[in-house]
Amino acid sequence: MCIGIPMRVVEAGAESALCEYRGQHSRIDTMLVGEQQPGVWLLVFLDTAREVISADKARQIGDALEAMRLAMQGHTNFDHLFADLVEREPELPEFLRS
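Quick look at the structure, then. Residue numbering note: each chain is counted from 1, following its sequence as written. The model is predicted, so local features are restricted to residues of pLDDT at least 70 and side-chain atom pairs to those at 80 or more, both for listing and for counting; the totals for chains, interfaces and linings are taken over all residues. Excluded from the side-chain calculations are hydrogens and water; all other atoms, namely the structure's heavy atoms, are used.

**With respect to the pairing of strand β5 (residues 48-53)**
- A pair of strands is labelled paired if DSSP reports no fewer than 2 bridges between them. Numbered from the N terminus, helices here are DSSP runs of H or I no shorter than four residues, and strands are runs of E no shorter than two. As defined by bridge partners, strand β4 (residues 41-45) adjoins β5 across five bridges and the pair is classed as antiparallel. By the bridge assignment, W41 is partnered in β5 with I53.
- Taking the residues between adjacent antiparallel strands as the criterion, β4 and β5 are bridged by two residues, where L46 takes a positive phi near 50 degrees.

**Topic: the pattern of salt bridges**
- Salt bridges, as used here, are contacts in which a Lys or Arg side-chain nitrogen is within 4 Å of a carboxyl oxygen on Asp or Glu. Within this structure, the stated rule accounts for eight salt bridges.
- Put simply, R27 and E11 hold a salt bridge, and the shortest N to O gap is 3.9 Å. With R27 in strand β3 (residues 24-29) and E11 in strand β1 (residues 5-12), the pair connects residues that are 16 residues apart, well separated along the chain.
- Relative accessibility decides the category of a residue: with a 1.4 Å probe and only protein chains considered, values under 20% of the type maximum give buried, values over 50% give exposed, and everything between is partly exposed. Overall, the relative accessible area of 44% leaves R27 in the partly exposed class.
- Note on E11: relative accessible area 43%, which makes it partly exposed.
- Ionic pairing is found between R97 and E91, a salt bridge with its closest N-O pair at 3.8 Å.
- Classification of R97 by relative accessible area gives partly exposed; the value is 48%.
- Salt bridges sharing common partners tie together R22, E66 and R69.

**A look at the environment of L42**
- With respect to the secondary-structure elements, L42 resides in strand β4.
- L42 sits in the buried class, given a relative accessible area of 0%.
- Here a residue-residue contact requires only that any non-hydrogen atoms of the pair lie within 4.5 Å. Not counting residues within four places of it along the chain, the set of residues in contact with L42 comprises I5, P6, M7, V9, C19, T30, V33, Q36, A49, E51, V52 and I53.

**A closer look at the nonpolar core**
- Counting residues in hydrophobic clusters, the biggest one holds 16 residues, and the most contacted among them are M7, C19, I28, L42, V44 and A49.
- Going through the elements one at a time, β1, β2 (16-21), β4, β5 and α1 (55-72) are the ones with two or more residues in this core.
- For this core, the element with the most residues is β4, which contributes four residues.
- Discounting chain neighbours no more than four positions away, the residues touching M7 are C19, E20, Y21, Q24, S26, I28, V40, W41, L42 and V44. The nonpolar core is taken to be a set of buried Ala, Val, Leu, Ile, Met, Phe, Trp, Tyr and Cys residues, with the residues joined through side-chain atoms within 4.5 Å.

This is the structure we're talking about:
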């Protein structure tokens, strides 16, 4: 399985960018998304940017990854990382509603 990591562009280049996620820096291939300016968030798989994402989406993905890390360590108190889902009724996708 491959998990996408949200990374923020720190230094732009023509075919790659120096990106950061939680204090760690990596050189990321940006051939699929084009040159991006510093501050832009990218969804990265195996050191390759696949999608430009919003800061809000990057936060949601980062929170989900943190919840997964906590769950793997045996913690059960991570509802705060899913604030957009807590106290909300589950909804079926449109194509399953009929």
